[in-house]
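An overview of the molecular structure
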Amino acid sequence: MIKYILRRILLLIPILLGVTVIVFGIMFLTPGDAAILMLGENAPQAELEALRERLGLNEPAHVQYGMWLVRVVQLDFGRSTRSGRPVTGEIVARLPATVELALLATLLSIAIGVPLGVLSATRPNTAVDHTATVLAFGGLAMPVFWQGLIMILLFALVLDWLPPSGKLGGWQYYVLPTITLGTSAIAAITRMTRATMLETLSQDYVRTARSKGVRQRSITYRHALRNAMIPIVTVIGLQFGALLSGAVITETIFSWPGIGRLAIDAIRSKDFPVVQGVVMTFALMYAVVNLVTDVLYAYLDPRLKTRYS
Amino acid sequence: MATTTKVIPQRRRSWFALMRSSPRTAIGAVVLSIIVLAAVFAEAISPYPPNQQNLRNRLQPPSAEHLLGTDHFGRDVLSRIIYGGRVSLQVGFIAVGIALAVGGLMGLLAAFYGRWVDSTVSFFVDVLLALPGFLLALAIVAALGPSLTNVMIAVGIANVPQFARITRSAVLQVIEMDFVTAAHAAGSRDQRIMFKHVVPNSLSPVIVQVTLSLAGAILAAAGLSFLGLGAQPPTAEWGSMLNSARPFIRDAHWAVTFPGLAIVVTVLALNMVGDGLRDALDPRRRD
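Residues numbered from 1 in each chain as written. Chains lettered and ligands numbered in written order. Predicted model: local features only at pLDDT ≥ 70, side-chain atom pairs only at ≥ 80, totals over all residues. Heavy atoms only, no water.

1. Some points on empty space enclosed by the protein
Rules: The pocket and cavity definitions rest on a 1 Å grid over protein atoms only: a 1.4 Å probe that fits but cannot leave marks a cavity, an open set with protein on both sides within 12 Å along at least five of seven lines marks a pocket, and residues lining either have an atom within 4 Å of a point. Grid points are joined across faces, edges and corners, and a volume is the space filled by probe spheres set on the points. The helix count covers DSSP runs of H or I at least four residues long, the strand count covers runs of E at least two residues long, and both are numbered beginning at the N terminus. Any residue outside Ala, Val, Leu, Ile, Met, Phe, Trp, Tyr, Cys, Pro, Asp, Glu, Lys and Arg is labelled polar, Gly included; the first ten of those are nonpolar and the last four are charged.
Taken as a whole and judged by the stated rule, the model has 3 cavities of 30 Å³ or more. Estimates place the volume of the largest cavity at around 50 Å³. Lining the largest cavity are A:V248, A:A263, A:I267, A:V275, A:V278, A:V279, A:F282, B:L135, B:L138 and B:A139. Of all the elements in the fold, those that place two or more residues in the lining of the largest cavity are α11 (259–268) and α12 (272–300) of chain A together with α6 (133–144) of chain B. In the lining of the largest cavity, the residues fall into 10 nonpolar, no polar and no charged. Looking at the second largest cavity, the residues that line it are B:D71, B:H72, B:R75, B:V77, B:R80, B:M241, B:S244, B:A245 and B:A255.

Okay, here's the thing in structure tokens:
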């Protein structure tokens, strides 16, 4: 098992290096001069030149990338061109809010999606199934930004039950962003659970269990769901990526002080070190979640475990 | 191995039969046709020009004159939604076209030549997949600068990995078939085999992916425009309409509600058609 996990971590290294090339490349190719961006258009030529020299902007691309990478590996993304503070510090300060929101939304989507999918699959083509399907299709088609606005309109402005935005403490501030962020994941998990449950429920071992008189509850949860979990876990892992994307928009709508909002603010003010830092942070988070998903696989599928032990 | 390969009879079902057997697909196709027609004939059917301002008519609720109300410049929301459909469909098609061309070619070459070509392509795809699609698109737009063209490029690149993967696996299945071996044996050139024999027989899963990716691309593009990184005012685009009407949501919800509904309906229709096509084209999913 340890061997399997180590192998997965080793495989991650070249991929993450590839991501650093993309992140550096994207910002490197950006039209505009970083020195002018930092000092303004009217800065004296000598000052601009000094800054370029200090930032290494006069070096060839691969040298710049190398210098940048050496710092990034030490978690140093430089300083924000807007606030002048170290990027890493800004990210660390705002990361908990994003993680909180993403975890809550994931928990919500599992708590609703899995039971709803099971309910759908055990009662195919009934009113329950059709309702769940319609809800799931609707959830998948709902843009995060529109849903967020409608929720604010309905629950904050019209009904006045919940605060429209911000994170000033208190559970009330979590409700709308969590639901907004979790909706598409709920839908995706419901669909996947339904599909794989339908498949496992038609397997021979389920028929065997039924014919020897195992109770339906036990068949559904111990025989079928356990075997259906692998694709479901895959979808949960993939959905986490979608959640990170959604977090950018959700945080912007609800003025949530996370790194998604930080990214958007940075993009708007052309604060590229911050953009690079946040994008790398997202890639790292996604990689960790995918790693956890893979390890869960091995736990859920003994065949994988034996291959590496 | 070759002798035990079970040949699945490929029954080509007519479009009509598919519609009749799956009402959900039929509804999706009808709704989609209406949206496409509305976008094509926007000039003829929209009651007002999309950018015609009337400041005395600001933020009017839906009425006989303005079926879906007016926005903060007194522009007709319905007309802007109709024109916005044109933008969204265009962005979706071009973005998916880029993804299909680049990703499809990568997948084809990877599967056809294997070895180092395959490992290079697979590595590249894995790197692109290390970032969730929307975030990749966001980073690219951040670098290129906000504009609709850049959104198409960014969303296109973000969709490349899916097409590379799907084409690769579809082609891998096809090149195992006897007729490809026969073509090789007959001395056909690689290019001819690829485009005459392999590509036409690998299309089904790719077509399904095109439909589903269109839905995703439209959502992503609208999201980027909502963030102010795509279509710029005064262009009538669903995402940017939402963004600019947002400050007035308390007094004029219709300027937010209806453009959003347009996105939901379009994406829903595309997903329903895509799901139906997948069920029809994938023998395993056929009931």
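2. Observations concerning the pattern of salt bridges
Once the charged atoms of two side chains with opposite charge are near each other, the side chains can pair. Spelled out, the test is: We count a salt bridge whenever a side-chain nitrogen from Lys or Arg sits within 4 Å of a carboxyl oxygen from Asp or Glu. Whether a residue is buried, partly exposed or exposed follows from its accessible area with a 1.4 Å probe, protein chains only, as a fraction of its type maximum: under 20%, in between, or over 50%, in that order.
Counted according to the given criterion, the structure contains 12 salt bridges over all chains. A:D271 is the partner of A:R82 in a salt bridge, and the nearest nitrogen-oxygen pair spans 3.9 Å. You can see A:R82 sitting in the loop between α4 (61–73) and α5 (87–122) and its partner A:D271 sitting in the loop between α11 and α12, a full 189 residues away along the chain. Residue A:R82 is classed as partly exposed on the basis of its relative accessible area, which comes to 46%. Linked through salt bridges whose partners overlap, the residues forming this network are A:R191, B:D275 and B:R278.

3. Structural notes on the packing of aromatic side chains
Our working definition: Two rings belonging to Phe, Tyr or Trp (six-membered ring only in the last case) form a pair when the distance between their centres is within 6.5 Å. Interplanar angles under 30 degrees mark stacking, angles over 60 mark edge-to-face geometry, and anything in between is tilted.
Under the defined criterion, the tally for this structure stands at 7 aromatic pairs over all chains. Here the aromatic residues A:F24, A:Y65 and A:W68 are joined through ring pairs into a cluster of three or more.

4. Let's talk about the environment of B:S213
All names here are of chain B. Basically, it comes down to this: Working rule for contacts: check all heavy atoms of both residues, and any pair within 4.5 Å makes them a contact.
One can find S213 in helix α10 (residues 203–226). Through-space distance from the C-alpha of S213 to that of L281 is 17 Å; in sequence the pair is 68 residues apart. Setting aside anything within four residues of it in sequence, one finds S213 in contact with V96, N159 and F163.

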